[in-house]
Amino acid sequence: MPEAKPYDIPKRLVWDAYQQVKANRGAAGVDGESLTAFEKDLTGNLYKVWNRLSSGSYFPPPVRLVEIEKEGGGIRPLGIPTVADRVAQTVAKMVLEPVLEPLFHPDSYGYRPGKSALDAVGVARQRCWTTDWVIDLDIKGFFDSIPHDLVERAVAHHTDVPWIRLYIGRWLRAPMQRPDGTLVERTKGTPQGGVVSPILANLFLHYGFDTWLQRTFPGVQFERYADDAIVHCKSEAEARVVLEAIRGRFEQCGLALHPTKTRIVYCKDANRTGAYEHITFDFLGYTFRPRRAKNRSGKTFLNFLPAISGKAAKRIRTTIRAWRMASTRTNQRLEDLARLVNPAVRGWLTYYGRYYRSACEQVLWHLNVALAAWARRKYKRLRQSKRASLQWLRRIARRDSQLMVLWQLGVKP
């Protein structure tokens, strides 16, 4: 008889984990194996993952280091696991998530079933109307700083499944491989890009921040999406006390607040007319600040509202320029351009158009300008006049408004 495996992991669970990895796609890890290549021997590769996990002999390979430039300066390191390792991590996540999810605070929104970043923005919007002050928190290098011992202690507190605890430890300590092949030992942190990293981050901050804040300052509300969080306070004095307490709490947990990006913000509007150094903050791609709005009677007043952030708007304009429609796509038809741009535009308008939609529409107007430039390069009769090319585009939009998602959703040329 074959020897029984020490860990009872159903093969079906590995198959379901692979299905999630396939749906999420993603780049190759240190072995250079793409999802397509992995699938050439799918049965054999999934069997290896199951066999090693079940026998206790699974050791994750290094994660591939990819460094992304941050818009505010600096580098964000991402750790990309191999396809097989993503499957293995997903197996663990599928076992761990149902145990941890019911524990998490309702104002924790990141990487959780049934919750989204837009939910967090919407709740923050409402609370900024009723609470005058916000603490805009920025945790310095959060994913690179999480202490391994505290994470493992929290995991062990909630599960006695031995293979979960074993492999969480191995994933936390798997080295990072630089592009030149050198390995970097990891003594703290969990790599952004790892499948189990988000749930471990949520578990860590559940105890390090969420429940601590609720216990220490019962009347203070917050919204948190992974390590991005804002806290609502009734007065500047309360905000200063709470901020210093948070700073001390994070120091206890091995974390630090960014000295310049963390700040107290006054939610200025028509009824809150005081002066303060900071009256704006960014949260999940939205900038919250005083803006003109209309009441039900049509009268204009000053309200504290979110709209697409300057950074997000810059990313969209950069993407539109990167399509290089006027310089490299004049051999294509308008229908071809629609297939290129429609998925991105739908996503932008769905996310950034939820609140203060007109600001998002102003940014997306740049796409109409780019389409008009394409038309001038493609058609000689339009070449001399920007106005004529926009009028031509306007006629197309009236005739076939369904062609471009941009036009379907109201951003006409």
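Residues numbered from 1 in each chain as written. Predicted model: local features only at pLDDT ≥ 70, side-chain atom pairs only at ≥ 80, totals over all residues. Heavy atoms only, no water.

1. Points about the sheet that holds strand 8 (residues 263–266)
- The strand order 6-7-3-8 describes an open sheet built from four strands, whose pairing is antiparallel. Both edges of this open sheet fall to strand 6 (221–225) and strand 8, since each of them pairs with a single strand only. In this sheet, neighbouring strand axes are inclined to one another by 20° on average, regardless of whether the strands run parallel or antiparallel.
- In terms of strand pairing, strand 3 (residues 133–138) meets strand 7 (residues 228–233) through six bridges, oriented antiparallel. (Pairing = 2+ DSSP bridges. Helix = DSSP H or I, 4+ residues; strand = E, 2+ residues; numbered from the N terminus. Axes fitted to C-alpha atoms, helices over the stretch in contact; angles between N-to-C directions.)

2. A word on helix 4 (residues 83–100)
- Taking 1.5 Å per residue as the helical rise, helix 4 with its 18 residues ought to reach 26 Å, and the 25 Å between its terminal C-alpha atoms agrees with that figure.
- The largest bend in helix 4 comes to about 25°, at M94, with the proline P98 one to four residues further on.
- Considered for burial, the residues of helix 4 that qualify are V83, D85, R86, V87, A88, Q89, T90, V91, A92, L96, E97 and L100. (Expected span 1.5 Å × (residues − 1). Bend = angle between axes of the 7 residues up to and from the residue. Buried < 20%, exposed > 50% of the residue type's maximum accessible area, 1.4 Å probe, protein only.)

3. Concerning the environment of V220
- Mapped onto the elements, V220 comes out in the loop between helix 9 (197–216) and strand 6.
- A residue is classified by how much of its surface remains accessible, and V220, at 8% relative accessible area, is buried.
- Sequence spacing of V220 and T190 is 30 residues, and the spatial spacing of their C-alpha atoms is 29 Å.
- Contacts of V220, omitting those with residues within four sequence positions, involve L213, V231, H232, E238 and V242. (Contact = heavy atoms within 4.5 Å.)

4. Digging into the environment of L150
- Position of L150 among the secondary structure elements: in helix 7 (residues 148–158).
- It is 32 Å that separates the C-alpha atoms of L150 and A237, two residues lying 87 residues apart in sequence.
- With residues up to four places along the chain from it excluded, the contact list for L150 reads F204 and C253.

5. Quick word on helix 1 (residues 11–24)
- With 14 residues, helix 1 should reach 20 Å at 1.5 Å per residue; the first-to-last C-alpha distance of 20 Å fits that figure.
- Among the residues of helix 1, those classed as buried are L13, V14, A17, Y18 and V21. Taken end-on, helix 1 shows its buried residues confined to a sector of 140°, consistent with a single buried face. What points out from helix 1, more than 90 degrees from its buried face, is the exposed set R12 and A23.
- In this structure, the buried residues of helix 1 make contact with helix 2 (35–38), helix 3 (42–55) and helix 4.
- Just beyond helix 1, the residue with positive phi is R25, at close to 60°. (Arc of directions from axis to C-beta.)

6. Some words on the side chain of T131
- Mapping T131 onto the fold places it in the loop between helix 5 (117–130) and strand 3.
- With relative accessibility at 11%, the residue T131 sits in the buried group.

7. So, the sheet that holds strand 9 (residues 281–283)
- Within the open sheet, the three strands sit side by side as 9-10-11. Their pairing is antiparallel. Edge positions in the open sheet fall to strand 9 and strand 11 (300–308), since each of these has one partner strand only. Between one strand axis and the next, the sheet turns by 50° as a mean value, whatever way the strands run.
- Note that strand 10 (residues 286–294) and strand 11 share nine bridges and pair antiparallel. Looking at the pairing, P290 lines up with F304 of strand 11.
- Packed onto the sheet, helix 5 meets strand 9, strand 10 and strand 11 and runs at close to 155° relative to strand 11.

8. Some remarks on the side chain of T90
- Relative to the helices and strands, T90 resides in helix 4.
- A distance of 2.6 Å separates a polar side-chain atom of T90 from the backbone oxygen of R86.
- Sequence-distant contacts of T90, defined by excluding residues within four places in its chain, comprise A17, Q20, V21 and V195. (Polar contact = N/O pair within 3.5 Å; in protein donor to acceptor, adjacent residues only side chain to side chain.)

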